[in-house]
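Spelled out, the chains give:
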Amino acid sequence: TRPILISPSILSADFARLGEEVRAIDAAGCDWVHIDVMDGHFVPNITIGPAVVKALRPHSAKPFDVHLMISPVDQYLDAFAQAGADIITVHPEAGPHIHRSIQHIKSLGVQAGVVLNPGTPAKMLDYLIDDVDLILVMSVNPGFGGQSFIMNQLRKIEAIRKMIDKSGRDIRLQVDGGIDLTTAPMAIAAGADVLVAGTATFRGGPDAYADNIRKLRGG
Ligand code: DX5
Ligand code: ZN
């Protein structure tokens, strides 16, 4: 059985104390730190940019998993890499050349991931799977935390798990949106190995983070 990694989305953290929040989830045993970047154009919400990623970098040595929901995206890849991203994920809908964006991310020495929106089929991966380090299945429409898990995405996770195993490549399969103690086991059973969780990590405040993360992992 593959290890399950937890990547808390800091979208649900206290934005006035972001550095402390990142230190708290690190101490609470998270595996990665999920950073949701939104531009008010590709998605309705606006969040944070490379300056904030850079400011957070000294607060944790854990991988920064930077989910870009911005369009156009290519012109910002260098800035996020320089700010300290370890993994950058991009949506095919966010630029004209997803294959080129993936190559660009890898050329920066950063792990590259592709994100599939709920309406985007697994087929999109046919000619990307040879190059990506991670595939992210959105189980909500991107833009906001606290939404409900879209159940039919489990079928997509199962299909992609088969594609990854068949490829023989070392690719993480991440799920993002509406992950809680009910949906986490479903996503894991379908084949996911990295769970993003905002609401379910940060609920209850700092004293609860370690318990929340452990339970999400299934421990
Ligand atoms: C949505 C973001 C998610 C979101 C998850 O666009 O990509 O990372 O913050 O939040 P929860 O876990 O609350 O659904
Ligand atoms: Zn995200």
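What counts as what
Residues numbered from 1 in each chain as written. Chains lettered and ligands numbered in written order. Predicted model: local features only at pLDDT ≥ 70, side-chain atom pairs only at ≥ 80, totals over all residues. Helix = DSSP H or I, 4+ residues; strand = E, 2+ residues; numbered from the N terminus. Rg over C-alpha atoms; globule rule 2.2 N^0.38 Å. Buried ≥ 20, exposed ≤ 12 C-beta atoms within 10 Å, placed from the backbone. Contact = placed C-beta atoms within 7 Å. UniProt positions renumbered as here; feature names shortened; annotations may be inferred. Near = placed C-beta within 6 Å. Nonpolar A, V, L, I, M, F, W, Y, C, P; charged D, E, K, R; others polar. Pairing = 2+ DSSP bridges. Core = buried A, V, L, I, M, F, W, Y, C linked by C-beta atoms within 7 Å. Axes fitted to C-alpha atoms, helices over the stretch in contact; angles between N-to-C directions.

This paragraph deals with the overall build of the protein chain. Helix and strand content of the protein chain: eight helices and eight strands. Taking 17 Å as the expected radius of gyration for a compact globule of 219 residues, we find that the protein chain reaches 16 Å, a close match to that expectation. A total of 219 residues make up the protein chain; the buried ones form 44% of that total. A separation of at least 24 residues holds for 63% of the contacts in the protein chain among residues at least 6 apart in sequence.

The feature "binding site: a divalent metal cation" (unreviewed entry), as given by UniProt, occupies H34, D36, H67 and D176 in the numbering adopted here. A maximum C-alpha distance of 10.5 Å among these annotated residues, which run over 143 residues, shows that they cluster at one spot. With respect to the helices and strands, H34 occurs in strand β2 (residues 33–38). In contact with H34, other than residues within four places in its own chain, are S7, P8, S9, I10, D65, H67 and V196. Summarising the element assignment, H67 is placed in strand β3 (residues 64–69). The contact partners of H67, leaving out residues within four places of it in the chain, are H34, I35, D36, V37, T89, V115 and D176.

The next subject is unusual backbone geometry. For the bond from S71 to P72, the omega torsion is -5°, close enough to zero to count as cis. Relative to the assigned elements, P72 resides in the loop between β3 and α3 (77–83).

With that settled, consider the site of ligand 1. Near ligand 1, the surroundings consist of 21 residues, among which S9, P142, G145, G198 and T199 are the closest. Mapped onto the shell around ligand 1, the elements with two or more residues apiece are β2, β8 (194–197) and α7 (199–202). Grouping the constituent residues of the shell around ligand 1 by class yields seven nonpolar, twelve polar and two charged.

One face of the sheet, then the other: side chains in a regular strand alternate in exactly this way. Of all six residues making up β2, six are buried, and the element is well covered by its neighbours. The side-chain alternation of β2 yields two buried faces, one formed by V33, I35 and V37 and the other by H34, D36 and M38. When β2 meets β3, the two strands line up parallel, connected through six bridges. Bridged to M38 within β3 is M69.

Take the nonpolar core next. Counting residues in each nonpolar core, the largest one holds 67 residues, and the members touching the most others are V66, L68, A85, I88, I135, I179 and L195. Every residue in contact with I88, bar those within four places of it in the chain, is listed here: V66, L68, L77, F80, A81, I105, V110, A112 and G113.

A word on the sheet that holds strand β7 (residues 172–176). On the basis of which strands lie adjacent, the open sheet formed by eight strands has the order β1-β8-β7-β6-β5-β4-β3-β2 and parallel pairing. Both outer strands of the open sheet, β1 (5–8) and β2, are each paired with one neighbouring strand and no more. Direction aside, neighbouring strands of the sheet carry axes that sit 25° apart on average. One ladder, built from three bridges, connects β3 with strand β4 (residues 87–90); its direction is parallel. What sits directly across from V66, in β4, is I88.

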